[in-house]
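Here are the chains, one letter per residue:
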Amino acid sequence: MAVTFYLFTRPDKKGDHPIYTSIYLNGCRFCSSIGYSISPNKWDDEKMKVKHGASNARKVPFNTINSRISAISSKFDTLEANNAKLTKEQIKKQLAEVIGRQVKGEETEESGSVGFFKHFDEFILDGKINHKWALNTVKKWGTLRSHMTKFNKDITLDDFDKETLDAYVRFGATEINMLDVSVRKELSLLRWYLGWCVEKGYTTNQVFSKYRARLKDTKKPVIFLEKDELLKLYEFKIPKNGTEVTLHNMEGEEYKKKVIEKASLDKVRDLFCFCCLTSLRYSDLAQLQRTNIKDGYIQLTTIKTDDTVNIPVNEMAQAILDKYAAFDFDGLALPVISNQKMNQYLKDICELCEFTSPVTVVQYIDGKRKDVCFPKWKLIATHAARRTFICTALAAGIAPQVIMKYTGHSDYKAMKPYIEVAERTKDDAMKTFSNYLK
């Protein structure tokens, strides 16, 4: 292991102990603070991370600190795997790049424009700390970095005139084959970063603020399970491994599929249905502790928005919890797997359930329209569970404003309140939801 983490023996002025990292590469060792502190009773020595739900005296939450720990580990584990031979100064510089710390004596540009990437890590670190970015948000910035590197690794902040932005839009469509909607989202991220650079005084170029690309967009269909589909999935008996089953495509034509990894499919079916029945996002499901479930309620602070929700557990959701009650998942309520793997298995099981109703998706690439028709099972992913909860609850007659108490939504329009119903208490509304599915 290239990297270890530990608490410094002496506390800081707030009473927390600085978190130190010890980096060892090819006989060279370097130790340094990672820039955060934590109380010893909130630190897990074995996992070398801050305990779930904890925060330090400066109110920095566990996921922000652990995100930096993971970034440092990833960086130096990769260097170790590649047999990198670095001096202490080189290790120090690599660490500084990860955590956004400037190395003393490091040269800066004497003249000319500031490079696009120079303050990128500082910006991401600022987002993690001050905006509490989730991991998926950080990944989006990593994608932008990768695309911008391919576009022009030497580009500077002053280079972003209309011609350059136009060229980047064409690059996204022709070189990376991005949909217009994806290019639009990436331009939004780019404006965010460049605007931050203006605020910091790193550039005075503000051409980006008035730039608008001609990109076509269309609303995506809302993918969710209908009542009968949810019930079928919930009760579906997965065949044994090796079983060859006969399925039908959108046109009704038969084809064969062999069942593999039954245990994983069974687990993913339960996890997805649990989210359908409780409105939890995957990120919250992945962190759901047994201690978060008290007296028939799920009580937690969501990862994405930091909203505190209090969700009654209905009978069907409780049955899933009971199924795994005798197993130990290190404090977790359910046996969670990665989001990527879960999406893969989810499509497999929905294919076995023959959710084949056709769904047409309109796509634009470089302004050219392309209509693509998919069987529904190909479009089912973890977030469809949350949509399933909302759509099922609305169909059951639960008021949108009540549903918002479960989901943590603050924007009433996002709930599509097309059904006007009388206000109900949260408990009565959950009973209505549960009864509707019976």
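Notes on the structure in this doc start here. (Residues numbered from 1 in each chain as written. Predicted model: local features only at pLDDT ≥ 70, side-chain atom pairs only at ≥ 80, totals over all residues. Heavy atoms only, no water.)

## A few points about the overall build of the protein chain
1) Next: If you tally the helices and strands in the protein chain, you get 14 helices and twelve strands.
2) Next: Evaluated residue by residue, the protein chain yields a buried proportion of 45% over its 438 residues.
3) Next: About 23,700 Å² of surface is accessible on the protein chain, with carbon and sulfur atoms providing 49% of the total.
4) Next: Averaging the coordinates of the 69 positive side-chain charges in the protein chain and doing the same for the 56 negative ones gives two points 2 Å apart. (Helix = DSSP H or I, 4+ residues; strand = E, 2+ residues; numbered from the N terminus. Buried < 20%, exposed > 50% of the residue type's maximum accessible area, 1.4 Å probe, protein only. Areas by Shrake-Rupley, 256 points an atom, 1.4 Å probe, with all protein chains shown as cover. Lys, Arg positive; Asp, Glu negative; His and termini not counted. Charge placed at Lys NZ, Arg CZ, Asp CG, Glu CD.)

## A short note on a positive patch on the surface
1) Next: Where like charges cluster on the molecular surface, the positive patch consists of K140, K185, K220, K304 and R387.
2) Next: On the basis of relative accessible area, K220 is assigned to the exposed category, the value being 62%. (Patch = residues over 30% accessible without salt bridge, like charges linked within 9 Å, V, L, I, M, F, W, Y side chains within 5 Å. Salt bridge = Lys/Arg side-chain N within 4 Å of Asp/Glu carboxyl O.)

## So, the layout of surface pockets
1) Next: Looking at the second largest pocket, its volume works out to about 290 Å³.
2) Next: Lining the second largest pocket we find 16 residues, and of these G53, F62, T301, T302 and I303 sit closest to its centre.
3) Next: Here the lining of the second largest pocket is built from residues that sort into five nonpolar, eight polar and three charged. (1 Å grid on protein atoms, 1.4 Å probe; cavity = no way out; pocket = protein on both sides within 12 Å on 5 of 7 lines; lining within 4 Å. Points joined across faces, edges and corners; volume = space filled by probe spheres on them. Nonpolar A, V, L, I, M, F, W, Y, C, P; charged D, E, K, R; others polar.)

## What to know about the environment of I365
1) Next: Assignment of secondary structure puts I365 in strand β11 (residues 358-365).
2) Next: Linking I365 and K216, residues 149 residues apart in sequence, is a C-alpha distance of 8.4 Å.
3) Next: Dropping the residues within four chain positions of it, I365 is found in contact with A173, N177, M178, L179 and D180. (Contact = heavy atoms within 4.5 Å.)

## Remarks on the side chain of S39
1) Next: With respect to the helices and strands, S39 occurs in the loop between β3 (28-38) and β4 (43-44).
2) Next: Overall, S39 belongs to the buried group, its relative accessible area being 18%.
3) Next: Separated by 2.7 Å, the side chains of S39 and N41 make a polar contact. (Polar contact = N/O pair within 3.5 Å; in protein donor to acceptor, adjacent residues only side chain to side chain.)

## Here we look at the sheet that holds strand β9 (residues 297-301)
1) Next: In space, the three strands of this open sheet follow the order β8-β9-β10, with antiparallel pairing throughout. Of all strands in the sheet, those with a lone pairing partner are β8 (293-294) and β10 (308-312), marking the two edges.
2) Next: Relative to β10, β9 runs antiparallel, the two sharing five bridges. Its bridge partner being in β10, Q299 is matched across the sheet by N310. (Pairing = 2+ DSSP bridges.)

## Considerations on the packing of aromatic side chains
1) Next: According to the stated counting rule, one finds 25 aromatic pairs in the structure shown.
2) Next: Judged by centre distance (6.5 Å) and plane angle (50°), the ring pair of F120 and F123 falls under tilted. Placement of the pair is F120 and F123 together in helix α3 (residues 120-130), with a separation of three residues, close to one helical turn.
3) Next: The exposure class of F120 is buried, given its relative accessible area of 0%.
4) Next: Ring-pair connections join several aromatic residues into one group, and the members of that group are F116, F117, F120, F123, W133, W141, F160, W192, Y193, W196 and Y202. (Phe/Tyr/Trp six-rings, centres within 6.5 Å; stacked < 30°, edge-to-face > 60°.)

## Remarks on a negative patch on the surface
1) Next: A contiguous patch of negative charge, built from D158, D159, D161 and E163, is present on the exposed surface.
2) Next: Following the sequence through the fold, D161 ends up in the loop between α4 (135-152) and α5 (162-174).

## A look at the pattern of salt bridges
1) Next: Applying the stated rule across the entire model yields twelve salt bridges.
2) Next: The partner of D121 in a salt bridge is R145, and the shortest N-O contact between them spans 2.5 Å. Of this pair, D121 sits in helix α3 while R145 is found in helix α4, placing the two residues 24 residues apart along the sequence.
3) Next: Given a relative accessible area of 25%, D121 falls into the partly exposed group.
4) Next: The shortest N-O distance in the salt bridge between R269 and D266 comes to 2.3 Å.

## What to know about the pairing of strand β12 (residues 368-375)
1) Next: As paired strands, β11 and β12 are joined by eight bridges and run antiparallel to one another. When the sheet's bridge partners are listed, T360 is paired in β12 with C373.
2) Next: The antiparallel hairpin formed by β11 and β12 contains two residues in its connecting segment, where D366 sits at a positive phi of about 55°.

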